[in-house]
Amino acid sequence: MRGLFLTGLLMGSVAAERMIPNHVLDVLSDYCIDCHDTAEKKGGLNLDLESVDWSKQESRILWEKVLKANEQGLMPPLKKDQPSEEERKALMTWLDESLLENTLIGGTLPRRLSRVEYRNTIRQLFGLPEFELPNGFPRDGKHHGFDNLGEGLVTSPALLEAYSKVAWAVADQLYPPEKALKIEAWTAGPEDMALSFSAAAVRDGALRLASRHEHIMRSCTWPSRIEVKTSGVYRITVHASTYKPKSKEPMILEVRAREVSASERSSVSQFRLLKEISINSAAQESVTFEAELFEGQTLLFRWLNAEMTHDGKELEKQMREWFRRDPRYLAAWQKSVFPFPGKTLRSRASVLRGLNGWNTLKNHLADPKLDMSHATMESERTKKLLVVFENGMTNVADAQCHYYFEHGPALEIHGLTMQGPLKVVDGPKDKRRDTLRLKMAGLEKGSLSDEDYARKMLVNFLPRAFRRPVDKKTVESFFVLAKTHWQEGRSFEEGMHLLIRNVLISPRFLYRALEREKLDQHMLATRLAYFLTQGPPDATLRDLANRKRLGDSWVLKREAERLMPTKWNQPMVQSFTRQWLGTGLLSEIMPDPKLNFTPYYVEMARDEIEYSFAEILRENRPMTDFIDPDFSYMSGMFARNVYRVEVGKKGKPGSKADRKLRRVKLERGGRVGGLLGQSGIMMATANGVDTQPVLRGVWVLENILGSAPPPPPKNVPALTPDTQGTTNPREMLAAHTMEPSCASCHRRIDPVGIVLENFDPVGRWRVNWPKGAGIINASGTLPDGTSLENVVDLKRWLVENVNQFSECVSAKLMTYATGRVPNHTEMKEIKEIVKANHAKGNGFRDLVLALIESETFRTK
Amino acid sequence: MIALPSLESFGSTATPVDGPKNFVVIGSYLGLHQNAFYPKTIGKNYEMPDTLKPLAEHQHEFTVFSGLDHRAANGHAAWSNFLCGNSPKTYSLDQMVADKIGQKSRFASIQLTAGSGEANKPMCFTRQGVPLPMIQRPSVFYKQLFVSKEDRRRTEYVLRSGKSALDSVVKDAKRLQQSLPQGDRDKLDEYFESLRAVEKRMDRQLETINEVVPEPDYKLPSYDPITPNLQIESETIMYDLMALALESGSTRVLSLFLDGLGQVFSIDGRALGSGYHGLSHHGNDPAMIRDLVAIESAHTHCLSGFLSQLKEKKNAQDKSLLDDTVVLMGTGMGDASRHSNRNLPTLVAGGGFSHEGHVAIDQKDKDSPLLGDLYITLQQKLGMEVESFSNATRNMNDLFS
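Remember, it's a predicted structure, so these values are computed and weren't measured experimentally. (Residues numbered from 1 in each chain as written. Chains lettered and ligands numbered in written order. Predicted model: local features only at pLDDT ≥ 70, side-chain atom pairs only at ≥ 80, totals over all residues.)

Chemist: Sorry, what's going on with the overall build of chain B here?
Modeler: Within chain B one finds 10 helices and nine strands. Considering only residue pairs separated by 6 or more positions, chain B has 71% of its internal contacts joining residues 24 or more positions apart. (Helix = DSSP H or I, 4+ residues; strand = E, 2+ residues; numbered from the N terminus. Contact = placed C-beta atoms within 7 Å.)

Chemist: Looking at this structure, how should I read the overall build of chain A?
Modeler: Helix and strand counts for chain A come out as 34 helices and 18 strands. Contacts in chain A between residues at least 24 apart in sequence constitute 75% of all its contacts with a sequence separation of at least 6.

Chemist: Looking at this structure, how should I read the interface of chain B and chain A?
Modeler: Accessible area lost when the parts come together is the quantity often used to give the size of an interface. Each partner contributes residues to the interface: chain B has 67 residues there, and chain A has 67 residues. Where the side of chain B that touches chain A is concerned, the elements lending two or more residues are helix 5 (149-178), helix 6 (182-211) and helix 9 (286-312) of chain B. Top element by residues in the side of chain B that touches chain A is helix 6 of chain B. It accounts for 10 residues. Residues of the side of chain B that touches chain A, tallied by class, amount to 28 nonpolar, 29 polar and 10 charged. (Nonpolar A, V, L, I, M, F, W, Y, C, P; charged D, E, K, R; others polar.)

Chemist: Just to check I follow, could you spell out the packing of helix 31 (residues 802-818) of chain A against helix 32 (residues 824-839) of chain A for this structure?
Modeler: A pair of packed helices can be characterised by two numbers: the angle between their axes and the separation between those axes. All names here are of chain A. Viewed as axis vectors pointing N to C, helix 31 and helix 32 meet at an angle of 125°, and their least axial separation amounts to 9 Å. It follows from the interaxial angle that helix 31 and helix 32 lie oblique. In the packing of helix 31 onto helix 32, the handedness of the crossing is right-handed. Contact with helix 31, carried on its side by Asn803, Ser806, Glu807, Ser810, Ala811 and Met814, involves Met827, Ile830, Lys831, Ile833, Val834, Lys835 and His838 of helix 32 and no other residues of that element. The class makeup of the residues in the contact of helix 31 with helix 32 is six nonpolar, four polar and three charged. (Axes fitted to C-alpha atoms, helices over the stretch in contact; angles between N-to-C directions. Parallel < 35°, antiparallel > 145°, perpendicular 65-115°, else oblique. Left-handed = near helix turned anticlockwise from the far one by under 90°.)

Chemist: Looking at this model, I keep getting lost on the confidence of the model for chain B. Mind explaining?
Modeler: Low pLDDT marks stretches whose predicted atomic positions should not be read closely. All names here are of chain B. When the pLDDT values of chain B are averaged, the result is 86; 92% of them are 70 or greater. Mean pLDDT across the secondary structure elements of chain B bottoms out at helix 5, with 77, and peaks at strand 7 (residues 325-330), with 98. Overall fold confidence (pTM) sits at 0.69, and the ipTM for the predicted complex is 0.74. (pLDDT = per-residue confidence, 0-100.)

Chemist: Even after reading the chapter, I still don't get the sheet that holds strand 9 (residues 251-259) of chain A, so can you show me in this structure?
Modeler: Adjacent strands of a sheet form backbone hydrogen bonds with each other and so pair up, either parallel or antiparallel. All names here are of chain A. With antiparallel pairing, the four strands of this open sheet are ordered in space as 7-12-9-10. On the outer flanks of this sheet lie strand 7 (220-221) and strand 10 (272-279), each paired with one strand and no other. Note that strand 7 and strand 12 (residues 297-303) share two bridges and pair antiparallel. What sits directly across from Thr221, in strand 12, is Phe301. (Pairing = 2+ DSSP bridges.)

Chemist: Hey, could you run me through the confidence of the model for chain A in this one?
Modeler: Residue and element names in this part refer to chain A. Counting all residues, the mean pLDDT for chain A is 89, and 95% of those residues have values of 70 or more. Predicted confidence in chain A is weakest over helix 1 (residues 2-9), with a mean pLDDT of 39, and strongest over helix 33 (residues 844-853), with 97. Low pLDDT (under 50) marks residues 1-14, which in the prediction has 15 contacts with non-local residues, meaning those over four places away or in another chain.

Chemist: I would appreciate a short explanation of the pairing of strand 1 (residues 22-28) of chain B in the present structure.
Modeler: A regular strand carries its side chains on alternate faces of the sheet. Residue and element names in this part refer to chain B. Counted residue by residue, strand 1 has seven buried out of seven residues, so it is predominantly covered. In strand 1, alternate side chains face the same way, and those of Asn22, Val24, Ile26 and Ser28 on one face and Phe23, Val25 and Gly27 on the other are all buried. Taken together, the six bridges between strand 1 and strand 7 define a ladder with parallel strand orientation. From the neighbouring strand, Asn22 faces strand 7, where its bridge partner is Thr325. The pairing of strand 1 with strand 4 (residues 253-258) spans six bridges and is classified as parallel. Among the inter-strand pairings, Ser28 is bridged to a residue of strand 4, identified as Leu258. (Buried ≥ 20, exposed ≤ 12 C-beta atoms within 10 Å, placed from the backbone.)

Chemist: Any chance you could explain helix 10 (residues 371-381) of chain B here in plain terms?
Modeler: Structural remark: α-helix, 3.6 residues per turn; residues separated by three or four positions point the same way. All names here are of chain B. Most of helix 10 is tucked away: 10 of the 11 residues are buried. Within helix 10, burial applies to Leu371, Gly372, Asp373, Leu374, Tyr375, Ile376, Thr377, Leu378, Gln379 and Lys381. On its buried face, helix 10 sits against strand 2 (62-66), helix 3 (93-101), strand 7 and strand 8 (346-350).

Chemist: What is the right way to look at the environment of Phe257(B) in this model?
Modeler: Residues and elements named next belong to chain B. Topologically, Phe257 is positioned in strand 4. In the structure, Phe257 is positioned 74 residues away from Thr331 in sequence and 9.5 Å away in space, judged by C-alpha atoms. When sequence neighbours within four positions are dropped, the list of residues in contact with Phe257 reads Gly27, Thr113, Met123 and Met134.

Chemist: Whenever I open this one, the packing of helix 14 (residues 450-466) of chain A against helix 15 (residues 472-487) of chain A confuses me. Can you help?
Modeler: Residue and element names in this part refer to chain A. Across the interface, helix 14 lies against helix 15 with an axial gap of 10 Å and an inter-helix angle of 145°. Considering the relative orientation of helix 14 and helix 15, their crossing is right-handed. Residues Asp450, Glu451, Ala454, Arg455, Leu458, Val459 and Leu462 of helix 14 lie in contact with helix 15, whose contacting residues are Thr474, Val475, Phe478, Phe479, Ala482, Lys483 and Trp486.

Chemist: What am I meant to see in unusual backbone geometry here?
Modeler: Residues other than glycine predominantly adopt negative phi, and peptide bonds predominantly adopt the trans conformation. All names here are of chain A. Note that the residue after Gly408, namely Pro409, is joined by a cis bond; omega there is -5°. With respect to the helices, strands and loops of the structure, Pro409 is situated in the loop between helix 11 (394-407) and strand 14 (410-424). Put simply, Gly420 and Pro421 share a cis peptide bond, and its omega is 5°. Here Pro421 lies in strand 14. The phi dihedral of Asp204 falls on the positive side, at around 50°, and the residue is not glycine. Of note, Asp204 is situated in the loop between strand 4 (200-203) and strand 5 (206-209). Classification of Asp204 as exposed rests on a count of 8 C-beta atoms within 10 Å.

Chemist: So what exactly am I meant to see when it comes to the sheet that holds strand 4 of chain B here?
Modeler: All names here are of chain B. Pairing in this open sheet of seven strands is mixed, and the strands run 3-4-1-7-8-2-9 from one edge to the other. Looking along the sheet, the strands with just one partner apiece sit at the ends: strand 3 (110-114) and strand 9 (357-360). Adjacent strand axes in the sheet meet at a mean angle of 15°, parallel and antiparallel pairs treated alike. In this structure, strand 3 lies alongside strand 4, joined through five bridges in parallel fashion. Note that in strand 4 the partner of Gln111 across the bridge is Ser255. Helix 10 rests against strand 2, strand 7 and strand 8 of the sheet, and its axis sits at about 160° to strand 7.

Next up, the structure:
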């Protein structure tokens, strides 16, 4: 096979204009050119031609489209005359052969580094493992679902400016500019302190802290109008007091250093502890201390030993105790969470947020007619209420927090003053500078002259930065820059700074590899490294490329095996699955609070996919394990609350063991397990509030079956769900797609979308449509006549036709790896590889290795 | 108010044009609660709904539109349909305008955000669909507009050494480009074009350094209000600077993104009942809606201050800067409580339009106009010859001109 591609397809240009044979012309004129002629050109397609210039990319794209439309039976539209089977076959055979003969393997456009690749490359090149891109660094566009394709990786002025800003920042770390010292003083009162969720509240002129949690937005406050400009020692005075403490034990106020620009979702522990202060009295105490703060930081305050916690498990215990002690408090909570107790208890916890929730609760507490008849520990309402607390439903905890703000115990901050720097100190960046310089230059400056040092630095650094050997001329062209700068009276440091900046905006650095026809050793090393690690080639790969060893098939394979990810959290696993399956969207979706799908569940849902993918790859499991595996990864709690199944008991419901992700065994042939129906995927294909069968159907066609339908006409509105619940999604869809012109795509889309209706917008198993729209009917018929009752039938069908799935994944992998969508000829090679791999046991790891050895991978 | 010498000063164009020449757009991430934003009646003399009350003094200078949208997908992920139309994350309205009318000013367009924290949710996209970063720090925006004396030498060094760096990079890259096949060279041209654009911008900045733009007597606070709880403060400052930017002719196209996270605001001394995002999921709870509307009214209050400033600033022909500026406020989410992107609350102020009060579009009518149709009208008012926007191909000139 490979020989054929090499000789037939890599030999440069192929004869151009070819006549369309008569028997094909007949089919085209009978069935196609009524609409697709020069005059009407429906869909922008003109097929009224007598010959084809195959050397033109446009004609190849055009005819590949025609072939796809025929393969999928999309054309002619159902209301028009249909060709006979022979006629269709004649057209398709001619197209297949012509395309194969005329489409060369290869064609990736020059690819600049994607956002993540760029970040990783800087990390690796300079030894800055925690380097992050600045706020507002432009995002990459997605093309065919991936952010690393040649076509999609556009270079824009905004991006180039961002590159040069990053280049300045990196150069500043190695050769910082001199700074003028300015002494500053700040005063901050309670009103200058940040309130986020229920972390703090201002009462009686003091800021009160009341709760513990790992996330700063649920436990901490900070003066948001202070930002240190110079790293140094600062004198800080904090005025604080206790408010209604329960014991003699002092309240511990932690003071930490917070980056002003850090996320509110950050963990407390990521900020450096400056001081622990003991607060013992209800009268204001003032504590003064000195601490180092670095550029860009402010202070962060937390009450370390608060009683109230946001941890669901612990909070449930506290509330259980409380309710036992105080039935009236219990009754008020019951009334707040279940205001309309009918036959089934519907929780309204989602609207009980923060102070609002607390006010609701207080109103009920004050109500003399408060219903006390269920305020026992045995009642159903109490049990359900405690589950709400236990599930980590943040709203109720946020409301409960206000009890403490009002009644204590709470820790009060009355204000603070800060001044400095008393002396300038080296921030962490300063301290690391020598190591960084050594890493970059590969040698100490020692007694070398400025010029010698700069030259030697470039000889060592440029090949690493540009990921290939660099000739003397290039080294010299960079050296001259620094030299000129020095001659103009600039300092040694400024010259070095300039060199670093220049390297970092050179296209040799920014573009992965400017590749000629066939990949050379260095380009192959680069492609392999970014594919498997999202980073530049390491020393071993560079060395092999220098010694021209990577061309040997067994060396390439060995290297691929060495770099192949084995763990769920390695960059390739996460980056590839998130883009292929669309699960990168999960953090953006913000599910409707009514669905009670807390961040814990979102994380579990994503972990399930990534752990499973990593295992199938690492253990070389068969491709069918993507569809119908005998294992998955989830917690007992997740299985119970999302998939509605038990997966072997570990600990009591809600316990740490119950919440922990673990590998679980599954029965093959069931509804749980595999990509179809995984919560994370079901969530990514909905919008957080309701399901959209069309989106899911398109998703399955595109990402599981590899036959994406053409985009919908632009004038069709998105389906907006009927909030009254009078029509169910199935009926709405049927009405939506009555038009015959819609039917040719929708008969493929709808069955595979509807069959997933048993999964709600977060992938939770359900039997009924919401709002009383009835029992879900998920049945349908695939275009090949297979009838589906539910998702299990679809999984069975896919296992029987697994090569179609393997071809789809392979195409996605190759798209991600090579930066181009495989063309007709490349798909042929991929299909051969899938077939051969199937015969050898169908292992996923074997498949990836075979793809890396393919011509498609090894050609530009 | 201080007078600013201008590069291409407002009102000093050689050939006076009748239409407006600036475009400002404000986008609210968590939507704008419809019941408090849409007037109950149509036409001019409606009773001010709560969110619009802060804008009462400008009632005759703006029009509210209900019932418009792009028929785009639902959910937060499709939010950027606001300026991109039916296909989110593509060429956005403000950039179309910037590409046509922004080119001659010092900055073709400037993108700003208030209350974003760490988040990164782009609103504006270039022709190629590249999302544009937003300035979060007022001090950075200020420095772009007005280079101070102390900073001038440093800035000049940064620019000049940056420029000489570019020269050498270009030389090296050209050498590299010659060895590549044609398709690749074309692709690499993106890089050169970007370089040239950056270089041009540096040139323009270098020129203005020598022209000595004095700092206005505007006083920035000593800190940047960048954490989400200081959003309203940041918004106020951004609007002040935006007015100065338009007045000095530094740019003609400005965008301001209003993010929404879990920050708890205190408004008029009262801490609100929940974080901003929490309130947006109000589930029709009246107390939550009241607090949500309080935040949104704070947004319109800031906008009102901005409109007043634009109204006060007049050119030699006594035309106000507001008449010279099309101001669009809107969102990509029609109802944040349901994550629905239908029926997007939209407001247009200034721009020399004859303002119509409340224009209500009945979505049940199959031929009802799209939000894109309004965008066509806005562009035409700005002197652009356009006939389509995303999925829209008409305009709304007969309802609004």
